[in-house]
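Chain by chain, the residues:
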Amino acid sequence: MKKAAVAILVVVLLLWSGAGVSLKEGSFGDLGNTFRFIAEHWFPMDLTDWRAALKAMIDTLEIAVFSTLAALLIAFPLSFLAARNWVPYRWLYDFTRFLFNLFRSVPELVLALVFIPTLGLGPMPAVMALIIHNIGVFGKLISETIEATDDGPQEAVKAVGGTRLLVALYGIIPQMLPLVLSQYFYRLEVAIRTTLILGIVGAGGIGQMLYNDFKQFMYQKVTFEVLLIMALITAVDYLGALIRKRVM
């Protein structure tokens, strides 16, 4: 009975949300035109600016890596203050959770626009926007990981007279490290994609090249840039899987 109710609820939600986006019968019928447009205008690839595209791809990766690493280093210790099973004071828990909620509630694009008047165009507004947003995201993910850790190793450290710091170092962190690594590499992928969007507001990188070429209808150059982005995301995914395998 419950499964049937869930199925009905899913169908109702689909119909309701579909009506909200003006989805009608045959709404996907024009997708064939999109595929024809890509086939006719996106190929063959234009490799004229391949050196500039590779440099822009590296710039994008540098922005994403720096911002996510900085956010992780800041959020990691603060996450203990947002974990109910570790923080000693409820007010400190509530305050830290509020900060994390505040930081991740503002989209990166909005944060970048806030920083542009003072930091100017370029990668710095994107870096600051990604750091602030990812502090909120990492804070939530890591604090919930801390709360889900097994009490056994923590009790063992306490039993031999371990302080709260030692409980964190030997009873919590070894359990959560593989999950934190998994979370980091996922957020790195998200940061790369977000950096592409921030290229619209002058953050640089391959996102800005992509935006400029789209505006000038240079779709054959866009093809190569999209392939570079796909290769970058795939490489990050495989690297993350390799590192997690060695850690675990």
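Residues numbered from 1 in each chain as written. Predicted model: local features only at pLDDT ≥ 70, side-chain atom pairs only at ≥ 80, totals over all residues. Heavy atoms only, no water.

Draft legend 1. Representation of the pattern of salt bridges within the structure. Using the criterion set out here, one finds five salt bridges in the structure. Linking Lys55 and Asp59 is a salt bridge whose minimum nitrogen-to-oxygen distance equals 2.9 Å. With Lys55 and Asp59 both in helix α3 (residues 50-80) and four residues apart, this pair spans about one turn of that helix. On the basis of relative accessible area, Lys55 is assigned to the partly exposed category, the value being 48%. Several salt bridges converge on common partners, so that one network encompasses Arg97, Lys140 and Glu144. (Salt bridge = Lys/Arg side-chain N within 4 Å of Asp/Glu carboxyl O. Helix = DSSP H or I, 4+ residues; strand = E, 2+ residues; numbered from the N terminus. Buried < 20%, exposed > 50% of the residue type's maximum accessible area, 1.4 Å probe, protein only.)

Draft legend 2. Representation of the side chain of Asn134. Its location among the elements puts Asn134 in helix α6 (residues 123-147). Under the relative-accessibility criterion, Asn134 is labelled buried at 0%. Apart from the residues lying within four places of it in its own chain, the contact partners of Asn134 are Thr68, Ala71, Gly139 and Arg187. (Contact = heavy atoms within 4.5 Å.)

Draft legend 3. Broad picture of unusual backbone geometry. Residue Phe43 is joined to Pro44 through a cis peptide bond whose omega torsion reads 0°. Position of Pro44 among the secondary structure elements: in the loop between α2 (31-41) and α3. Despite not being glycine, Phe217 has its phi angle at roughly 60°, a positive value. Relative to the helices and strands, Phe217 resides in the loop between α9 (205-215) and α10 (219-247).

Draft legend 4. How the structure looks around helix α5 (residues 108-119). Those residues of α5 that sit buried are Glu108, Leu111, Ala112, Phe115 and Ile116. Taken end-on, α5 shows its buried residues confined to a sector of 145°, consistent with a single buried face. Every exposed residue of α5 that faces more than 90 degrees away from the buried side is listed here: Val114 and Pro117. Check the buried side of α5 and you find it contacts α6 and α8 (164-198). Phi turns positive, to about 80°, at Gly120, one or two residues after α5. (Arc of directions from axis to C-beta.)

Draft legend 5. Quick look at the packing of α3 against α6. With their axes 7 Å apart at the nearest point, α3 and α6 run at an angle of 40° to one another. Overall, the two elements α3 and α6 adopt an arrangement that is oblique. Regarding α3 and α6, the two cross each other, and that crossing is right-handed. Packed against α3, whose contacting residues are Ile63, Phe66, Ser67, Thr68, Ala70, Ala71, Leu72, Ile74, Ala75, Phe76, Ser79 and Phe80, the element α6 presents Pro123, Ala126, Val127, Leu130, Ile131, Asn134, Ile135, Phe138, Gly139, Ile142, Ser143 and Ile146 at the interface. Looking at the contact of α3 with α6, its residues break down into 18 nonpolar, six polar and no charged. (Axes fitted to C-alpha atoms, helices over the stretch in contact; angles between N-to-C directions. Parallel < 35°, antiparallel > 145°, perpendicular 65-115°, else oblique. Left-handed = near helix turned anticlockwise from the far one by under 90°. Nonpolar A, V, L, I, M, F, W, Y, C, P; charged D, E, K, R; others polar.)

Draft legend 6. Highlighting the packing of aromatic side chains. Tallied over the entire structure, the rule returns 10 aromatic pairs. Ring geometry for Phe76 and Phe80: centres 5.9 Å apart, planes at 65°, overall edge-to-face. Linking Phe76 with Phe80, this pair stays in helix α3, spanning four residues, or about one helical turn. Ring geometry for Phe138 against Tyr184: centres 6.3 Å apart, planes inclined by 15°, an arrangement best described as stacked. Of this pair, Phe138 sits in helix α6 while Tyr184 sits in helix α8, and the two are 46 residues apart along the sequence. Across this residue pair, the class does not change: Phe138 and Tyr184 are buried. Through pairs of rings, three or more aromatic residues link up here, namely Phe37, Trp42, Phe214, Phe217 and Tyr219. (Phe/Tyr/Trp six-rings, centres within 6.5 Å; stacked < 30°, edge-to-face > 60°.)

Draft legend 7. How the structure looks around the side chain of Arg187. Tracing the backbone through its elements, the reader meets Arg187 in helix α8. Here Arg187 is buried and forms no salt bridge, its nearest opposite-charge partner Glu108 lying at an N-O distance of 4.1 Å. Within polar-contact distance, the side chain of Arg187 engages the side chain of Asn134 at 3.0 Å. Arg187 has contacts with Thr68, Glu108, His133, Asn134, Val137 and Phe138, leaving out every residue within four places of it along the chain. (Lys, Arg positive; Asp, Glu negative; His and termini not counted. Polar contact = N/O pair within 3.5 Å; in protein donor to acceptor, adjacent residues only side chain to side chain.)

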